[in-house]
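Coordinate analysis (summary)
Residue strings, one per chain:
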Amino acid sequence: MSSNNQTDNLISRVLNSIFYKSSLGKASRISKNSKSLLALLRNALNKSKDLGVGGVFDSIRTKVVTIGSLVKAYASGEYRDIELKSLIIMIASLVYFISPIDLLPDFLPFLGYADDIALLTFVLQNMREEVEKFELWEMNKDIN
């Protein structure tokens, strides 16, 4: 089995898991409350910092910061040019990430973060247009 098939299989398993479905439900509630959004971001950033440094950990941190920047701008009311469905999917990926018990529990050596990385990567790839639109807004916001 190629690594692409393994990744696709893992993503499929994550998206169909009770853990991700629970994250979506929580994300819907969290999306309506700025304080909850900011608390989620704090938890996700803290977890990404506590993971370690190098390779995979730097990759996770970059993904969390990218999604987090957009969600923070949304929570503050600065940025609202995003479809609610896309926002909820991004929030769900952070909820899933901070949960230590998910499809592959975080305490499993080497494997524990594979599902988190796969989900964050999948979300960023599928939300590329939303992220690019946000990054463009972010670059231009100080000009106007």
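Everything that follows concerns the structure shown earlier in this document.
Residues numbered from 1 in each chain as written. Predicted model: local features only at pLDDT ≥ 70, side-chain atom pairs only at ≥ 80, totals over all residues. Heavy atoms only, no water.

1. Thoughts on a negative patch on the surface
Just so we agree on the cut-off: Only residues whose relative accessible area exceeds 30% and that form no salt bridge enter a patch; like-charged residues are grouped when within 9 Å of one another, and nonpolar side chains (Val, Leu, Ile, Met, Phe, Trp, Tyr) when within 5 Å. Here the open area of atoms and residues is found with the Shrake-Rupley method and a 1.4 Å probe, where only the protein chains shown may cover a residue. Salt bridges are identified by distance alone: a Lys or Arg side-chain nitrogen within 4 Å of an Asp or Glu carboxyl oxygen. Only four residue types enter the tally: Lys and Arg on the positive side, Asp and Glu on the negative side; His and the chain ends are excluded. Charge coordinates come from a single atom per side chain, which is NZ of Lys, CZ of Arg, CG of Asp or CD of Glu. Burial status follows relative accessibility: with a 1.4 Å probe on protein chains alone, a residue under 20% of its type maximum counts as buried, one over 50% as exposed, and anything between as partly exposed.
Negative charge collects at one region of the surface, where Glu129, Glu132, Glu135, Glu138 and Asp142 lie side by side. A residue is classified by how much of its surface remains accessible, and Glu138, at 32% relative accessible area, is partly exposed.

2. Considerations on the packing of aromatic side chains
Here is the rule: Side-chain rings of Phe, Tyr and Trp, where Trp is taken by its six-membered ring, are said to pair if the distance between their centres is within 6.5 Å; with planes under 30 degrees apart they count as stacked, over 60 as edge-to-face, and otherwise as tilted. We call a charge positioned over a ring when the NZ of a Lys or the CZ of an Arg lies within 6 Å of the ring centre and within 35 degrees of the ring normal.
This structure, assessed with the given rule, holds four aromatic pairs. An aromatic cluster is present here, built from Tyr79, Phe134 and Trp137 joined pairwise through their rings. Between Lys47 and the ring centre of Phe97, over which it is positioned, the NZ or CZ distance is 5.0 Å. The lysine or arginine in question, Arg80, covers the ring of Tyr74, its NZ or CZ lying 4.0 Å from the ring centre.

3. Side note on the environment of Arg29
The line we're drawing: A run of H or I in DSSP counts as a helix once it spans at least four residues, and a run of E counts as a strand once it spans at least two, with each numbered from the N terminus.
Of note, Arg29 is situated in helix H2 (residues 18–30). Measuring from C-alpha to C-alpha, the distance between Arg29 and Ile88 comes to 9.2 Å, with 59 residues separating the pair along the chain.

4. Regarding the side chain of Lys47
Condition: We call two N or O atoms a polar contact when they sit within 3.5 Å, provided that within protein one can donate a hydrogen and the other can accept it, with sequence-adjacent residues counted only if both atoms are side-chain atoms. A contact between two residues is defined here by any heavy atoms of the two lying within 4.5 Å.
One can find Lys47 in helix H3 (residues 34–50). At a separation of 2.3 Å, a polar atom in the side chain of Lys47 contacts the side chain of Asp106. The residues touching Lys47, leaving out its near neighbours within four places in the chain, are Phe97, Ile98, Ser99, Pro100, Asp106 and Tyr113.

By themselves these figures say nothing about function.
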